[in-house]
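Chain and residue survey
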Amino acid sequence: RALQALQRHYQSVSSLSAGQALELTQLRRQQEQHDAEVERLQKENDRLTSELQDLRSTGLAENAGRHKLEEQMRAKHAAGEKRLAELQDALKAARSQMKAQQDVEKAERSKTAALEQRLRDAQKAAQAAQQDIEKVREAAAGKERQLAEALSGAARAAEALA
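Thresholds applied
- Residues numbered from 1 in each chain as written.
- Predicted model: local features only at pLDDT ≥ 70, side-chain atom pairs only at ≥ 80, totals over all residues.
- Heavy atoms only, no water.
- Helix = DSSP H or I, 4+ residues; strand = E, 2+ residues; numbered from the N terminus.
- Rg over C-alpha atoms; globule rule 2.2 N^0.38 Å.
- Buried < 20%, exposed > 50% of the residue type's maximum accessible area, 1.4 Å probe, protein only.
- Areas by Shrake-Rupley, 256 points an atom, 1.4 Å probe, with all protein chains shown as cover.
- Contact = heavy atoms within 4.5 Å.
- Salt bridge = Lys/Arg side-chain N within 4 Å of Asp/Glu carboxyl O.

We now examine the overall build of the protein. Check the secondary structure of the protein and you find two helices and zero strands. Whereas a compact globule of 162 residues would reach a radius of gyration of roughly 15 Å, the protein reaches 40 Å, over 25% beyond that. Of all 162 residues assigned to the protein, the portion counted as buried reaches 17%. Carbon and sulfur atoms form 53% of the exposed surface of the protein, whose accessible area is close to 12200 Å².

Given below as structure tokens:
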């Protein structure tokens, strides 16, 4: 029973570990997506900064529409910076979660290894007990034969006396 319970527990732990591995894979995909979004936003920020510099250097900045364009660029730049900060926070959180998941997975692997060792030990003990039982059976069978021979000899001796 203990061996079966140990096997069921091992299967349960293995199933949990597989689920955690899937979750870890999903977290890594999310991290890659966040990294791509951060890179895109940084490029957009660079482009907008470059456009702003170009506008300032061409002399169009003197134009009445200059203020409007600058405000639009500042607003886009601020929105991009805000989104970049949000994505960096999300990335940091995802990395932290991924680290925690890896720690859990490592602990589960350790538990699984310990359970596997206990299972192997239990199987060895069961095998040794089975061998001991076989030896006892063989010894009992030998004793039965000896007893039967002694009874047979005693019966022949009793017949001879009678």
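Okay, back to it.
Moving on to the side chain of glutamate 105. Here glutamate 105 shows up in helix α2 (residues 65-161). Taking relative accessible area as the criterion, glutamate 105 reaches 14% and is therefore assigned buried. Sequence-distant contacts of glutamate 105, defined by excluding residues within four places in its chain, comprise Gln20, Ala21 and Leu24.

Quick look at the pattern of salt bridges now. According to the stated counting rule, one finds twelve salt bridges in the structure shown. For the salt bridge of arginine 40 with glutamate 37, the shortest nitrogen-to-oxygen distance reads 2.7 Å. Of the two residues, arginine 40 and glutamate 37 are both situated in helix α1 (residues 2-57); the distance of three residues between them amounts to about one turn of the helix. Take arginine 40: its relative accessible area is 45%, and that puts it in the partly exposed class. With a shortest N-O distance of 2.9 Å, arginine 74 and glutamate 71 are connected by a salt bridge. Of this pair, arginine 74 and glutamate 71 both sit in helix α2, three residues apart, which is roughly one turn of the helix. One salt-bridge network, in which partners are shared between bridges, spans Glu37, Arg40, Arg83 and Glu86.

Turning our eyes to something else, we now look at the environment of leucine 91. Inspection of the secondary structure puts leucine 91 in helix α2. In the structure, leucine 91 is positioned 59 residues away from glutamate 32 in sequence and 9.1 Å away in space, judged by C-alpha atoms. Leucine 91 has contacts with Gln31, His34 and Asp35, leaving out every residue within four places of it along the chain.

What follows covers the side chain of glutamate 108. Its location among the elements puts glutamate 108 in helix α2. Of the residues examined, glutamate 108 reaches a relative accessible area of 10% and is grouped as buried. Apart from residues no more than four positions distant in its own chain, glutamate 108 is found in contact with Val13, Leu16 and Gln20.

Spatial relationships are all this shows, so hold off on functional conclusions.
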